[in-house]
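Residue strings, one per chain:
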Protein chains: 2
Amino acid sequence: MELLSTGNKEITIYDIARELNISPATVSRGLNDHPAVNKETKKKIFNMAKEMGYRSNTFASNLRRQRTNTIGVIVPRLNSNFMSSVIAGMEKVANDAGYNLIISQSLETAKKEATNAQTMFNSRVDGLLVSLAYDTDNIEHFKDFLKKGIPVIFFDRVFNHKQCTGIVIDNVKAAQEVTSHLIGQGCRRIVHITGNLKRNVYADRLKGYKYALADHNLELDNNLIIQTNLSVEDGIAAAEKILQMNTLPDGVFAANDACAVSCLQTLKQAGIAIPQDIAFAGFNNDPVSKVVEPNLTTVDYPGYEMGEVAAQNLISHLNGTSNINSTNTIILRSELVIRASSLRSDSLNK
Amino acid sequence: MELLSTGNKEITIYDIARELNISPATVSRGLNDHPAVNKETKKKIFNMAKEMGYRSNTFASNLRRQRTNTIGVIVPRLNSNFMSSVIAGMEKVANDAGYNLIISQSLETAKKEATNAQTMFNSRVDGLLVSLAYDTDNIEHFKDFLKKGIPVIFFDRVFNHKQCTGIVIDNVKAAQEVTSHLIGQGCRRIVHITGNLKRNVYADRLKGYKYALADHNLELDNNLIIQTNLSVEDGIAAAEKILQMNTLPDGVFAANDACAVSCLQTLKQAGIAIPQDIAFAGFNNDPVSKVVEPNLTTVDYPGYEMGEVAAQNLISHLNGTSNINSTNTIILRSELVIRASSLRSDSLNK
DNA sequence: AAAGTTGTTGTAATCGGTTGCAATATAAAA
DNA sequence: TTTTATATTGCAACCGATTACAACAACTTT
C-alpha cells in the first residue's frame, strides 16, 4: 500500500483521522480504548494506526495530562550487588506497569543527592524512590515534592517522615540475631564494624548488637565498635586495628559483607583461625559471602524484592489503587544465614 | 512577597511575562540565554523566574523541539558487577550532560529485547545504548531507529552493522593472552568454558583460545570446549563434567569469573589442587576473583569506562560535536591480571 | 534628511494529544 | 407518534514552550 511509503514523517492522530474521515478526538479516544467509541470504529482506528506506523507522542500526551509515567530513582551507588538487585526489581515492576525509570546516583553525598532531586523535579517524575546518601542530614531537598504531593518512598536507607513511606527490613532484630548467634557460639568479645550512624541501617544494626549483648548480660565495650565507611579498604584497616588490640576479640560482626570479607581475609593472612580464634558474620548475603573461605555467615537481604515492593507501592498509589499515605513503614523479611565462618561446633563444618 | 504565595499552581513563562509586562517569547528567549535579549531584561527574567519558583516544562519543550534529552539503555541483566559498573559510568556522563537514562533489561531474551526497544522507540529516546541478549539473532527490532537516523550504539555484546558503532575490548587478544599464559605455566590440556557463541564476546574468546593453542602447536581438542550459559550453576556442572573426563585437564579458562569461581570451588572440594593439578583463569575481574582461594587469574575489563565511552560518544554525536557514523568500532584496553590460581612457579605464591 | 544597520521585542503559528460539552443518530419507552 | 434514554462522534479550547517573521527604536552612514 502506498500509505506505508509516506516517507519519514511522523504519523499523528490527525493523519489517521483524515484517512478515516473521522475526527482526531475519536481517534484519540479509540486509541485509548475509551468506552464511548464504537467497536467497529476502534478496530478501524487500530488497523489504520498500525498500517501507517503511528506511534503516540508521549510529550503531547504528558503535556496535556500533566503526568509523565516516569519514576525517579536516587541511590547512593549502582555498582553493588544489593543495589543492582533492587533496581532490577524496580525495573521489572515499572516496566510491566508501563512506567519508565530515571536513575541517578548520589555517590554518597547529600549535595549530589539534592542536585539529582532537583533534576527529577524538573523532569516532573510522578514519584520518587530514594535510598539516602551517607551524609544526608535532612530531607529539605525533597520538600518541593512533598509540597506538591508527589510521593517520595524511601527504601533501605530511610528517613522518618510522616509523609513518606519507608521500606526496610528489621535491622535491629536481624543484627540482634546475628550477635546472639555469635554469642551462642561462645563469643564474648565481639567487635562490631559499623557505618555512618546517621543512617538507620547502621544505627539499627548497632542497636541490635547492643541489645543482644544486654540480653546475654555481656558488658558493652565501646572500644570494640569500629566506625568506618564499610568499604573493602575499611575492612582491611579494621583488621589491622583488631590485630593491635591488647586482647584479641573472639568475634566480628560487620555491617556489610564486602567489609566483613576483606577484614576476614586480612586476619586470616595474619595467621588467625576463622572461626576458631575469631568467628565472623556480615550482612547482605552478597555473592562473595559464598566464596570466601570459610563461607561467611550473614543476613539474607531481599534486594530484588525490596525493589519490587517499593515500585509496586508507588505505582499503585499513583494509580489510585491504594494509598500509601496511611502506610508509614513496610518491613520485609530477612533471614540469618549461618555458614562456616561462625560455626565453632564442628557439626556443620565439612 | 506575595508572589511566592500563588499557591500550588505551576508557574509558566506566561506568568513571568505578565508579571514583567513583556511577551512570553522574550521570557522564553531570556531563559534560554538567547543572544538577542537585552542583558538587563535577562537578569529581570531570571530573577522573577527564581522568585516565582518557575520550572521549565520539559514536555512542552520536547514537543516543540522534537527532542527528549533521554537516552535508552537495554542490557541483558542489571545485577552483575560488570553491568552495574557500566550503567554507573553511563549515568555519570549522561547526568553531567543533562541527559536522562531510561534503563531496561532484556533478561537475555530477544523477545523482551524487542519489546523494550519498541517502548524506547515510543518514548522517543534520542539514542540507544545496547548490549545484546543471549539469543538475539538479528537486529530487526532496531530497524525503526536506524530508519529514522536515531543512533544505536552497541557495547560489549555488539552486532556488526554499518550504521552502528560498537564499543568492545579485544576479546580475541585477551583470550589469547590468557591461554598463552596458562600454556606458559605448563598447561597442555586446557578446558575452555564458553557461552553462547552467537555473541561476539564468547565467540571471540573461543577464537583467542584456539589461536593461542595454534601459536604453541597444541592440538585443538573439541571435547575440551564446554558450552554453557556461564552461570554459577553451569560452573558446577562443568566441574562435574571435568571430573568425569578420562584424562583430567591441567587448565581451565572460563569466559567469565562467576562461572570460573564456582567451577574452581567444586573441583577443589573434589580434592583437586589449584593451580598444581589444574590451573585456572576467568574473565571480567569481578570482585569474587579476589576473594576465591586461590585468587583467580582473570582479564580486567573496564566496565565503568565502557559505560562512560558509550554514553560520551552517543552524546557528542547527538550534540553534533562529533560524528560516530564514521566510527565503526571502539576498542578499549583490557589487561591480563595474573593471580595465584594460575601460577605454578612459586615465585608469586606467598 | 533619507536610507541602512543593529539591537530588542512582540505576534502568532506550531508541536500532537486530551477532554468538557454539544450535537446527532438510534433505539426504547410512553 | 412523541418523548426520553443511550450510544457515538465532533468542536474547540486547552497544555506550555519555541521560533520564523514582522515591527519598532535608536543609531550610523551618506
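About the cut-offs
- Residues numbered from 1 in each chain as written.
- Chains lettered and ligands numbered in written order.
- Predicted model: local features only at pLDDT ≥ 70, side-chain atom pairs only at ≥ 80, totals over all residues.
- Heavy atoms only, no water.
- Helix = DSSP H or I, 4+ residues; strand = E, 2+ residues; numbered from the N terminus.
- Rg over C-alpha atoms; globule rule 2.2 N^0.38 Å.
- Buried < 20%, exposed > 50% of the residue type's maximum accessible area, 1.4 Å probe, protein only.
- Pairing = 2+ DSSP bridges.
- Least-squares fit on C-alpha atoms with pLDDT ≥ 70 in both.
- Core = buried A, V, L, I, M, F, W, Y, C linked by side-chain atoms within 4.5 Å.
- Contact = heavy atoms within 4.5 Å.
- Buried area = accessible area lost by both parts, 1.4 Å probe.
- Salt bridge = Lys/Arg side-chain N within 4 Å of Asp/Glu carboxyl O.
- Axes fitted to C-alpha atoms, helices over the stretch in contact; angles between N-to-C directions.
- Parallel < 35°, antiparallel > 145°, perpendicular 65-115°, else oblique.
- Left-handed = near helix turned anticlockwise from the far one by under 90°.
- Nonpolar A, V, L, I, M, F, W, Y, C, P; charged D, E, K, R; others polar.
- Near = heavy atom within 4 Å.
- Polar contact = N/O pair within 3.5 Å; in protein donor to acceptor, adjacent residues only side chain to side chain.
- UniProt positions renumbered as here; feature names shortened; annotations may be inferred.

As annotated in an unreviewed UniProt entry, chain A carries the name LacI family transcriptional regulator and comes from Adhaeribacter rhizoryzae.

Undergrad: Describe the overall build of chain A, listing the residues and the values that go with them.
TA: Helix and strand counts for chain A stand at 12 helices and 12 strands. Its C-alpha atoms give chain A a radius of gyration of 26 Å, clearly above 20 Å, the size a compact globule of 350 residues would have. By principal-axis analysis of the C-alpha atoms, chain A measures approximately 90 × 45 × 30 Å. Across the 350 residues of chain A, 54% fall into the buried class.

Undergrad: Explain the pairing of strand 8 (residues 251-254) of chain A to me, using residue names and the numbers behind them.
TA: All names here are of chain A. Of the two faces of strand 8, the one lined by Gly251 and Phe253 and the one lined by Val252 and Ala254 are each fully buried. For strand 6 (residues 190-194) and strand 8, the ladder comprises 4 bridges, and the chain directions are parallel. Bridging across to strand 8, Ile190 finds its partner in Gly251. Where strand 8 meets strand 9 (residues 279-281), 3 bridges bridge the pair, whose relative direction is parallel. Looking across to strand 9, one finds that Phe253 is bridged to Ala281.

Undergrad: Summarise the relation of the copies chain A and chain B; cite the residues concerned and give the values.
TA: Relating one copy of the chain to the other requires a rotation about an axis plus a shift along that axis. Between the two copies, chain A and chain B, the superposition gives an RMSD of 0.2 Å; the rotation angle is 180 degrees and the shift along the axis is 0.1 Å. The transformation relating the two chain copies, once decomposed into turn and shift, fits a two-fold axis. Relative to the rotation axis, the C-alpha of Phe59 of chain A is the closest in chain A, positioned 2.3 Å from it.

Undergrad: Describe the nonpolar core, naming the residues involved and giving the relevant values.
TA: Side chains of nonpolar character tend, in soluble globular proteins, to be buried together. Formed by 154 residues in total, the largest nonpolar core has its most connected members in Leu129 and Phe280 of chain A together with Leu129 and Phe280 of chain B. Setting aside anything within four residues of it in sequence, one finds Phe280 of chain B in contact with Leu182, Val252, Ala260, Cys263, Leu264, Leu267, Ile274, Leu296, Thr297, Ser341 and Ser342 of chain B.

Undergrad: Residues and numbers for the interface of chain A and chain B, please.
TA: Of the residues lining the interface, 43 residues belong to chain A; the matching set on chain B comes to 44 residues. For the pair chain A and chain B, the two sides together bury roughly 4,200 Å², of which 50% comes from carbon and sulfur. For the chain A face of the interface with chain B, the top three residues by lost area are Arg55, Phe59 and Arg124 of chain A, together amounting to 19%. The tally of links between chain A and chain B comes to 6 salt bridges. Among the ionic pairs, Arg124 of chain B bridges to Glu10 of chain A, the shortest N-O distance being 3.5 Å.

Undergrad: Report on the packing of helix 1 (residues 13-20) of chain A against helix 3 (residues 39-52) of chain A, specifying residues and quantitative values.
TA: Residue and element names in this part refer to chain A. It is at 10 Å that the axes of helix 1 and helix 3 come closest, and there the two elements cross at 120 degrees. If you check the angle between helix 1 and helix 3, you find them oblique. Classified by chirality, the crossing of helix 3 by helix 1 is right-handed. Residues Asp15, Ile16, Glu19 and Leu20 of helix 1 form the contact with helix 3, whose participating residues are Lys44, Ile45, Met48, Ala49 and Met52. Within the contact of helix 1 with helix 3, the residues separate by chemical class into 6 nonpolar, no polar and 3 charged.

Undergrad: Describe the protein's contact with DNA strand D, listing the residues and the values that go with them.
TA: In the vicinity of DNA strand D lie 28 residues, with Thr26, Arg29 and Arg64 of chain A together with Tyr54 and Arg64 of chain B positioned nearest. Those atoms of DNA strand D that come within 4 Å of the protein belong to sugar or phosphate at a rate of 61%. Measuring from a phosphate oxygen of DNA strand D, one finds a side-chain N or O atom of Tyr54 of chain B at 2.7 Å. Taken together, the elements giving at least two residues each to the surface near DNA strand D come down to helix 2 (24-31) and helix 4 (58-65) of chain A together with helix 1 (13-20), helix 2 (24-31) and helix 4 (58-65) of chain B. Of all the elements, helix 4 of chain B adds the most residues to the surface near DNA strand D, at 5 residues. A breakdown of the residues in the surface near DNA strand D according to their chemical character gives 11 nonpolar, 12 polar and 5 charged.

Undergrad: Break down the sheet that holds strand 6 of chain A for me, with residues and values.
TA: Backbone hydrogen bonds are what pair the strands of a sheet, in a parallel or an antiparallel way. Residues and elements named next belong to chain A. Read from one edge to the other, the open sheet built from 4 strands follows the order 7-6-8-9, with strand pairing classed as parallel. Every other strand in the sheet has two partners, leaving strand 7 (225-227) and strand 9 as the edge strands with one partner each. With strand direction ignored, the average angle separating the axes of adjacent strands in the sheet is 15 degrees. In the packing of helix 8 (residues 171-184) onto the sheet, the strands contacted are strand 6, strand 8 and strand 9, and the crossing angle to strand 8 comes to about 165 degrees. Contacts from helix 9 (residues 200-215) reach strand 6, strand 7 and strand 8 within the one sheet, and its direction differs from that of strand 6 by about 170 degrees.

Undergrad: Can you tell me about the UniProt feature "domain: HTH lacI-type" (unreviewed entry) in chain A, naming the residues and giving the values?
TA: Per the UniProt record, the feature "domain: HTH lacI-type" (unreviewed entry) sits at residues 11-65 of chain A. Taken end to end, residues 11-65 of chain A comprises 69% helix and 0% strand; its first and last C-alpha atoms sit 20 Å apart.

Undergrad: Report on the protein's contact with DNA strand C, specifying residues and quantitative values.
TA: Close to DNA strand C lie 28 residues, the nearest being Arg29 and Arg64 of chain A together with Thr26, Arg29 and Arg64 of chain B. Here the atoms of DNA strand C within 4 Å of the protein split so that 59% fall in sugar or phosphate, with bases taking the remainder. Within the side chain of Arg65 of chain A, a nitrogen or oxygen atom sits 2.9 Å from a phosphate oxygen of DNA strand C. Thr26 of chain B has a polar side-chain atom sitting 2.7 Å from a phosphate oxygen of DNA strand C.

Undergrad: Just give me the short version of the sheet that holds strand 7 (residues 225-227) of chain B, but keep the residues and values in it.
TA: All names here are of chain B. Pairing is parallel across the open sheet formed by 4 strands, whose spatial order is 7-6-8-9. Edge strands, defined here as strands with exactly one partner in the open sheet, are strand 7 and strand 9 (279-281). The sheet shows a mean angle of 15 degrees between the axes of neighbouring strands, taken without regard to direction. Each of strand 6 (190-194), strand 8 (251-254) and strand 9 is contacted by helix 8 (residues 171-184), which is oriented at about 165 degrees to strand 8, the strand it contacts most.

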